[in-house]
Amino acid sequence: MNRRNFLRTSGALAVAATATPSSLAASTKSVASAGRSFPRDFIWGSATAAYQVEGAVHEDGRGLSIWDTFSHLPGRVANNDTGDVADDHYHRYKEDVALMKRIGIKAYRFSIAWPRVFPVGTGAPNPKGLDFYERLLDELQTAGIEPYCTLFHWDLPQALQDKGGWTNRTTANAFADYSGFVAARLSDRIHNWMTVNEIGSYIDSGYGPTSNKAPNMKLGRAELMQTRHYAVLAHGLAVQSIRAAAKHPVRIGLAHDLKGAMPAIETHEHIVAAEKAMRAMNAPYAAVILEGRYSDAYLAALGADAPRFTAEELKTISSPIDFFGANVYTTTSVMAADNEAGYLEVPRPASYPRMNSPWLYVAPEALYWTPRLMAKVWNVKEILITENGCSCNDTLHEGKVLDTDRVMFLRQYLTQLQRCVSENVPVKGYFLWSLLDNYEWTDGYSKRFGIHYVDFETQKRTPKLSADFYRMVIAQNGLA
Ligand code: BG6
């Protein structure tokens, strides 16, 4: 037994000997000190995505998505896991809404599966395509939980991929048509819409040279830059079509994997460097959406591989949005530098701490600096944290998951978020990723991000200690 295993075993024994789980519920009543509270109308939410939780991939006329295809290719996903069943949320949504209600969640961010609505991406809608979401909305309404809907969380209809997927400009138009169709049908019940989730993830990791996600194409640089451009264009076209089609007032944004920067130490010169880094690192996506132009530095660096675009397209891409959703997990430390960019990214020391995913470097200050810099650099007036959370090596022991590591992570990140809102940075809400352990893309079921443990054999859900922690935060509207 090596040192690490010894500690893990002895830790479990210590838990069995000392924990008093029956007192957990009572402890949620502890009181937040006035100094660490959030604004009265702060939106406490949780998030999931269709392919990661729904299952039921062949039910009610759903078409195939690129993730159905990719996950069934041998060797692409840990343990060859697929999302065929996932959390079976399609059938268990009532139980899942009850879990949300128990915690006191005020808003639920979910995504609609495009291939349920248009099985081949365009053309005739599937008559049963939105029925599941109608049922889910009924349940949320009864529970008093506000729906926040993402229209695209990576499950592109396979039929569109067969025509080039996001490399083909017509996919952007198809996305706008689908978005308008859904908004026309559901805008009476859904007021908050997000076009796309994490453009960087599904374009760069789906089509880039080191692609490891569906559709797993490896484009050359010029083609990739053009594909990035079509993706931001798709967002802009969808903003316009949702506004045009909605029959009731709607608020529109996106959920984006913003590249975060923070000053390595908080001195004036490094803070200025972080502002410069934020703008430069986000040139392909967030900056063009918020500024309506590609930066000179971005275009110059790409040279002949720069995307081709028109002034009209830039206008569409930067169509006004009501909020900017940032998925914030980690960030990059930067320092001032005497170079053209004015900053340098500090390489991470080998011993820098991470959670249970290699990419998830612990950086609580991300929830302070990312929103603060967004407000400063782009004058964003409303920010939502559309995802934040972490993977942990959770174990179910005597019916409990005492994930003190996730509680530590959430406590530290939320402390920094509270610092942020207390300085009047306009962050209006927070969505914890994730409500449930789920299908974590190429990690399959091997990584757990949920605040509810899911036994994927039985589909039994068990609230983790972090669920009680989050319940306490929501009840107090702040940190103890
Ligand atoms: C975000 C995605 O990248 O982070 C989620 O929007 C995803 O869908 C989450 O589940 C965790 O990422 P990963 O790659 O570790 O599953």
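Definitions and limits used
- Residues numbered from 1 in each chain as written.
- Predicted model: local features only at pLDDT ≥ 70, side-chain atom pairs only at ≥ 80, totals over all residues.
- Heavy atoms only, no water.
- Near = heavy atom within 4 Å.
- Polar contact = N/O pair within 3.5 Å; in protein donor to acceptor, adjacent residues only side chain to side chain.
- Areas by Shrake-Rupley, 256 points an atom, 1.4 Å probe, with all protein chains shown as cover.
- Nonpolar A, V, L, I, M, F, W, Y, C, P; charged D, E, K, R; others polar.
- Pairing = 2+ DSSP bridges.
- Helix = DSSP H or I, 4+ residues; strand = E, 2+ residues; numbered from the N terminus.
- Axes fitted to C-alpha atoms, helices over the stretch in contact; angles between N-to-C directions.
- Contact = heavy atoms within 4.5 Å.
- Buried < 20%, exposed > 50% of the residue type's maximum accessible area, 1.4 Å probe, protein only.
- Core = buried A, V, L, I, M, F, W, Y, C linked by side-chain atoms within 4.5 Å.

A.B. asks: Describe the site of the ligand, naming the residues involved and giving the relevant values.
C.D. replies: Around the ligand lies a shell of 14 residues, among which Q52, H153, E198, E387 and E440 are the nearest. In this structure, W433 approaches the ligand through a side-chain N or O atom, which is 3.3 Å from an oxygen atom. Protein chains shield 94% of the accessible area of the ligand, which is 380 Å² for the free molecule. Within the shell around the ligand, the residues separate by chemical class into six nonpolar, four polar and four charged.

A.B. asks: Describe the sheet that holds strand β11 (residues 427–433), with residues and values.
C.D. replies: With parallel pairing, the eight strands of this closed barrel are ordered in space as β1-β2-β3-β4-β5-β7-β10-β11. With strand direction ignored, the average angle separating the axes of adjacent strands in the sheet is 25 degrees. When strand β3 (residues 146–152) meets strand β4 (residues 192–197), the two strands line up parallel, connected through four bridges. Within β4, the position partnered with T150 by the bridge is M194. Of the strands in this sheet, β2 (107–111) and β3 are in contact with helix α7 (residues 131–143), which crosses β2 at around 175 degrees.

A.B. asks: So what about the pairing of β3? Which residues, and what values?
C.D. replies: Two faces, one strand: in a regular strand the side chains alternate between the faces of the sheet. Of all the seven residues making up β3, six are buried; the element is thus mostly covered by neighbouring parts of the structure. Both β2 and β3 contribute to a ladder of five bridges, which runs parallel. Paired with A107 across the bridge in β3 is E146.

A.B. asks: Quick rundown of the sheet that holds strand β6 (residues 261–263)? Include the residues and the values.
C.D. replies: Pairing in this open sheet of three strands is mixed, and the strands run β6-β8-β9 from one edge to the other. The sheet is open, and its two edges are formed by β6 and β9 (343–345), each paired on a single side. Going across the sheet, the axis of each strand differs from the next one's by a mean of 40 degrees, ignoring polarity. Pairing analysis gives three bridges linking strand β8 (residues 332–336) to β9, with the strands arranged antiparallel. Residue pairing across strands places A336 opposite Y343, the latter belonging to β9. Sheet contacts for helix α12 (residues 268–281): β6, β8 and β9; angle to β8, the most-contacted strand, approximately 120 degrees.

A.B. asks: Could you give an account of the nonpolar core, with specific residues and numbers?
C.D. replies: Residues F110, I112, W114, W166, F175, I199 and Y430 are the most contacted members of the largest nonpolar core, which totals 156 residues. In terms of residue count, the dominant contributor to this core is helix α11 (residues 221–245) (ten residues).

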